[in-house]
Structures are given as structure tokens and as C-alpha cells.
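An overview of the molecular structure
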Amino acid sequence: MHPGEHLEELEELLGPAGVLTVPSDLVRFTEPYRGAPGPAAAVARPRSVDEVRDLVRWARRHRVRLLPQGANSGLVGASTPPAGAGGSGAPVVVSLERTAGDPLIDPIDRTATVTAGTRLSTLNEKAARHGLVLPIDLCADPSIGGMVATNTGGARMLRHGDMRRHVLGVRAVIADDDASVIDELSTLRKHNVGPALTQLLVGSSGALGIITDVVVDLGRLPDSRSCAWVIPTNADSALEMLLHLERRHGEWLEAFEVVSAEALRSAVAHGAPAPFGPEVVPELSVLIEFAGDAPAEDRLVSALGHLASQGLLTEALVVPADTAWATRHAITEGLRGTGTVLGFDVSVPRPALPAFRERVRLAVAAIDPDALVADFGHWGDGGIHCNVVVPGMATITPDRSAALREVVLGTAVDGFGGSFSAEHGVGPGNADWWYRTVPAPVQRTINSLKRTFDPLGVLGHPGLPFG
Ligand code: LAC
Ligand code: ZN
């Protein structure tokens, strides 16, 4: 059935502003960060749990695919329609943006109850008034619902964990016969009453339910923060620095981000501050952040002095936190300007990070001597954004891109026991690796859960392996 035939009925349920169909209005919901946009039959913008239920019932009645979307800041194409699936296959994008509201902060409990469409920045501005924070740092301003659905990690994960660690409860609408509300919106930290569906919904990419509200555990905002950009002697010494900092300063170490020359160069070319001056682009640079209640800078300077005395670094510059992060946060956008970017969000066991970098460079060069490996990321938790950039803006052939993808993901997964999907969510583009690496009994169990939550298959991106 073509969804377009039933949009008037949907408009009656959600109101005129609740359904967008004018092509120019749809663009910001259908354009992915990378790659080609796909067609949507409409964008539905429910404001409440009841409206989400009405929408799900409508989709079930007419067998229309709903594609939940937060702030459309994801990097794996899971929140926008697939390119080329027009006509009767076009999904309705479900934007939760109109649920955005004022987070309810309980400063004594250190919790926040937040609607799904609320942005991370809105939550953190309000939390800061109470000396609190949701300590997940991303290069974007996602919605809280999207962060739960993708289980985002980010640059402070080594100290504070991923989204899963902060979610105390969610409310979501599933697509069973009743469009049931799964209400686990509890602020309790201790609430052991059996299997928790909240945890199943974390990382479910919108394929099991539409998250409408979230309760998160907040951290205390530290009084003091200090950052440094450091040039390690080599990749092994970067790893040794990390171990030393964890052992001696674990309660201070907030971020340990390692950046390749290729990635740093593109951030600086994009206008970001050059940490070591415009002439110096080291093979590897490390951004280290300390945070705590006493002056963090004293502690950081003394730690860096020790690392220098051990011969682990050749230069260390304490830099204002905003300036330091401006460089780090500019990398993804900077790479976009340098060529066609194939983004790979992988992780490997931490001891394998230096060898992984080397092997992946050799393997990529063997396929395409012009391609650059512009890796950067979260060494503290084994995460590495191993982006491959093919210079020039010409589209690369599907064969070449498939070959590059095979060597990068193959090196991470088969070569070093890592993951093809570290912190950005699976996405339709990685479905093949999900089929290839997730054990068959796990796949079967997830598929049977999918049939329970969504027996007609109307929820989630159609290209997801469990969509
Ligand atoms: C980052 C995003 C790409 O770490 O996850 O910059
Ligand atoms: Zn990241």
C-alpha cells in the first residue's frame, strides 16, 4: 500500500504541523551526514506518547514503515531513508523533535527525566545549574532518545562509560497489537525485578520501539579541567602513557584521544587551532584531559613531567580546554573537505592499537596507494575512527569502496578480534558484518524479540539486520 494514500488520515491524528510532505521541508530529515539521501513518504512529528501510539497504529493498519529519528546527527545512515527505495517502499520518518522539552532535574537524586527529542546541550545547560552533567561528549548535539537508540560512547567513555551506563529507565512505544507502552521510566538505581526491557532498547536503533522519554543518571560537574596536546615518541609510547596515567591518575583522567597526522592536518585546514603551530604535524598527537575538584592543571603538569622524564613524549603543551577540543572536534568535518570519506568506527583490544594502525595502512596502500588512512579516536576504550579518505571529490567505484571496507573491517575484526561497530550504532551499511560476526543463536533470539516487539515489521530502518 502506498503510504501517500493514507496521509490525510495521519494528519487528522497528528494535526497539520505533525505531518510534513512538502519536498523542501523533508530535506533536513532525509539527508544523511554521508552518502546519498533517500525518499521519505512524509515526516511525522508526534508530540506525545499518545500521538506516537496513534502513529504506530496507523502504520500497522496500512503496513507503512516508520523510521525513528532523533536529531539526524548519526554517522551510520540509520536515521534517514535508504537511497533509491522510492514509491510504495518509501518510509515515513518519525522525528521526535517536537517532544523536546524542559528536562526535569532532581539534584538530590542526581537524575534527569528527559523527553526523547530534547538535545544533549539543553539537558547539560540545565544540569550545569545544579553542578551536574551527563558526561558524554560527542562532536554533535544529538537528541537524548537518539543517544539511547544508538548507545553512543564518545570521548569521555574511558572514565564515564557509554550511554547504557547512564540510562536508568526509558518509556517506549512498541509495535505489537496494542501499540503498547513499555514504561520503565524509573529514577531508581536499585530496582531489580527481572530482565529489564530498558536495556534491550539501548542500542536497538529504533527497530524495537520508539523511545519517548528517558531517565538518566547524572554525574557531578568537576570544578576544574585542564587539557594538553602531547607528541608521543611513537605509538607504543602513547599506549604506555595511557597505562601510566590510568595507574597513577585514574580518578583524574577524563579523555585520552589519539590523532594521526592525516586527521590533524584536515582539522587545521578546516580552520581549527594548530596545537603545535602550523608547521608541525606529528605522526601522532594525543589530547589528554584531566578533571577533578582540586586545580587539575597542577596535577596534569606534574603527570606530563613524569611522562617526559620516562622518554614517552617529545612535547607537551597545556592548552585551554575549549581550544584543545576545538581542534579535536573539527576532524570529522575537516575530513569531509579533503575527499571522499569512508568512515569506519571500529574498536580493537587496547594492546593491539599500534599494530592495527600499521597493518591497516599497509593493507589500504596495497589496494589504493592514493588513499589516506586518517585515524583518530578514543584509545582509552580501544575506539578508533579509522577513516579512509580518497582524495578528490569524485565518487569512488563501489568495487573500490567495498575492497577498502573489507580490509579495514577485516583487519579490525578478523585480524585483531575487534568490532566493526564501536560507538555509532550498527546502521544499514554494516548489516553484512552483523550477519557475518554475530553468532547464529544470538541472531535468532534477536529476530524472535523483533517479532514480539514488532510482529508486522513496521519499525526501524529497513536496511538494519534486525529491522
Ligand atoms: C568523534 C565522532 C566521530 O569521536 O564519534 O569525533
Ligand atoms: Zn567518536
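Preceding this section is the structure that the text describes.
All values derive from a computational prediction rather than experimental measurement.

Check the secondary structure of the protein chain and you find 17 helices and 19 strands. Taken over C-alpha atoms, the radius of gyration comes to 23 Å for the protein chain, in line with the 23 Å a tight globule of 467 residues would show. The dimensions of the protein chain, computed from C-alpha atoms along their principal axes, are 70 × 55 × 45 Å. Looking at the 467 residues of the protein chain, the share that counts as buried comes to 53%.

Close to ligand 1 lie L75, C139, R328, T332, F376, H378, H385, E423 and H424. With respect to ligand 1, the side chain of H378 contributes an N or O atom lying 3.0 Å from an oxygen atom. Contact between ligand 1 and H385: an oxygen atom at 3.1 Å from a side-chain N or O atom of the residue. A breakdown of the residues in the shell around ligand 1 according to their chemical character gives 3 nonpolar, 4 polar and 2 charged.

What the 4 strands build is an open sheet, ordered β1-β2-β4-β3; its pairing is mixed. Each edge of the open sheet carries a strand with a single partner, namely β1 (19–20) and β3 (66–69).

Residues other than glycine predominantly adopt negative phi, and peptide bonds predominantly adopt the trans conformation. Positioned with a positive phi, N72 is a non-glycine residue whose angle comes to about 50°. One non-glycine residue, N151, adopts positive backbone phi at about 50°. With respect to the helices and strands, N151 occurs in the loop between α5 (144–150) and α6 (157–160). N151 sits in the buried class, given a relative accessible area of 14%.

Bringing the pattern of salt bridges into the picture now. Here the idea is simple: oppositely charged side chains can pair when their charged atoms come close. Overall, the coordinates contain 31 salt bridges when judged by the stated rule. Here R110 and D217 are joined by a salt bridge, their closest N and O atoms 3.4 Å apart. A residue pair is termed long-range when its members are at least 10 positions apart, and R110 in the loop between β5 (104–106) and β6 (111–115) and D217 in strand β10 (residues 210–217) qualify at 107 residues. Among the residues examined, R110 registers a relative accessible area of 31% and is labelled partly exposed. Residue D217 is classed as buried on the basis of its relative accessible area of 17%.

Before going further, it helps to spend a moment on the packing of helix α1 (residues 7–14) against helix α3 (residues 49–62). As a packed pair, α1 and α3 sit with axes 10 Å apart at the nearest point and diverge in direction by 165°. In terms of their interaxial angle, α1 and α3 are classed as roughly antiparallel. Pair α1 / α3 crosses with right-handed handedness. Across the interface between the two elements, L7, E9, L10, L13 and L14 from α1 touch E51, D54, L55, W58, R61 and H62 from α3. Along the lines of polarity and charge, the residues of the contact of α1 with α3 split into 6 nonpolar, 1 polar and 4 charged.

Considering all chains together, one arrives at 0 disulfides under this definition. The thiol of C227 is not disulfide-bonded; the next cysteine sulfur, from C139, is found 13 Å away. For C227, a relative accessible area of 0% corresponds to the buried category. Summary of cysteine pairing: C386 is not part of a disulfide, and the nearest cysteine sulfur, belonging to C139, is at 17 Å.

Along helix α2 (residues 23–30), the positions that sit buried rather than exposed are L26, F29 and T30. The buried side chains of α2 occupy one side of the element, clustering within an arc of 85° when seen end-on. Of the residues in α2, the exposed ones pointing more than 90 degrees away from the buried face are S24 and R28. The secondary structure elements touched by the buried residues of α2 are β1, β2 (42–44), β3 and β4 (92–95).

Enumeration according to the criterion identifies 4 aromatic pairs in this entry. Relative to W433, the ring of F420 lies with its centre 6.4 Å away and its plane at 40°, an arrangement referred to as tilted. Of this pair, F420 sits in the loop between α15 (398–416) and α16 (431–437) while W433 sits in helix α16, and the two are 13 residues apart along the sequence. Of the two residues, F420 and W433, neither departs from the other in class, the shared state being buried. What links up through ring pairs into an aromatic cluster is the set W434, Y435 and F466. A cation sits over an aromatic face here: R336 above Y33, 4.0 Å from the ring centre.

On to the coordination of the zinc ion (ligand 2). Surrounding the zinc ion (ligand 2) are the protein donor atoms H378 (NE2), H385 (NE2) and E423 (OE), at 1.9 to 2.2 Å. Along the chain, the residues that donate to the zinc ion (ligand 2) are spaced as H-x6-H-x37-E. Of the two residues, H385 sits in strand β19 (residues 383–391) while E423 sits in the loop between α15 and α16, which places them 38 residues apart along the sequence. The class for H385 is buried, based on a relative accessible area of 6%. By relative accessible area, E423 is classed as buried at 9%.

Here we take up the environment of A71. You can see A71 is positioned in the loop between β3 and β4. For A71, a relative accessible area of 22% gives the class partly exposed. Once the C-alpha coordinates of A71 and A402 are considered, the two residues, 331 residues apart in sequence, prove to be 29 Å apart. Sequence-distant contacts of A71, defined by excluding residues within four places in its chain, comprise R119, D141, P142 and S143.

Inspection of the secondary structure puts S237 in helix α9 (residues 235–249). Residue classification places S237 among the buried residues on the basis of a relative accessible area of 5%. Non-local contacts of S237, meaning those with residues more than four positions away in its chain, are made with P232 and L312.

One open sheet holds the 5 strands; their spatial order is β5-β6-β10-β8-β9, and the pairing between them is antiparallel. The outermost strands of the open sheet, each flanked by one partner alone, are β5 and β9 (181–183). Each strand axis lies, on average, 15° off the axis of its neighbour in the sheet, ignoring direction. By the bridge criterion, 3 bridges tie strand β8 (residues 167–173) to β9 in an arrangement that is antiparallel. If you follow A172 over to β9, its bridge partner there is I182. Sheet strands in contact with helix α4 (residues 120–128) are β5, β6 and β10, and its direction is about 40° off that of β5.

Cut-off values and rules
Residues numbered from 1 in each chain as written. Chains lettered and ligands numbered in written order. Predicted model: local features only at pLDDT ≥ 70, side-chain atom pairs only at ≥ 80, totals over all residues. Heavy atoms only, no water. Helix = DSSP H or I, 4+ residues; strand = E, 2+ residues; numbered from the N terminus. Rg over C-alpha atoms; globule rule 2.2 N^0.38 Å. Buried < 20%, exposed > 50% of the residue type's maximum accessible area, 1.4 Å probe, protein only. Near = heavy atom within 4 Å. Polar contact = N/O pair within 3.5 Å; in protein donor to acceptor, adjacent residues only side chain to side chain. Nonpolar A, V, L, I, M, F, W, Y, C, P; charged D, E, K, R; others polar. Pairing = 2+ DSSP bridges. Salt bridge = Lys/Arg side-chain N within 4 Å of Asp/Glu carboxyl O. Axes fitted to C-alpha atoms, helices over the stretch in contact; angles between N-to-C directions. Parallel < 35°, antiparallel > 145°, perpendicular 65-115°, else oblique. Left-handed = near helix turned anticlockwise from the far one by under 90°. Contact = heavy atoms within 4.5 Å. Disulfide = S-S within 2.5 Å. Arc of directions from axis to C-beta. Phe/Tyr/Trp six-rings, centres within 6.5 Å; stacked < 30°, edge-to-face > 60°. Lys NZ or Arg CZ within 6 Å of the ring centre and 35° of its normal. Donors = N, O, S within 2.8 Å, 3.2 Å for Na, K, Ca; no water.

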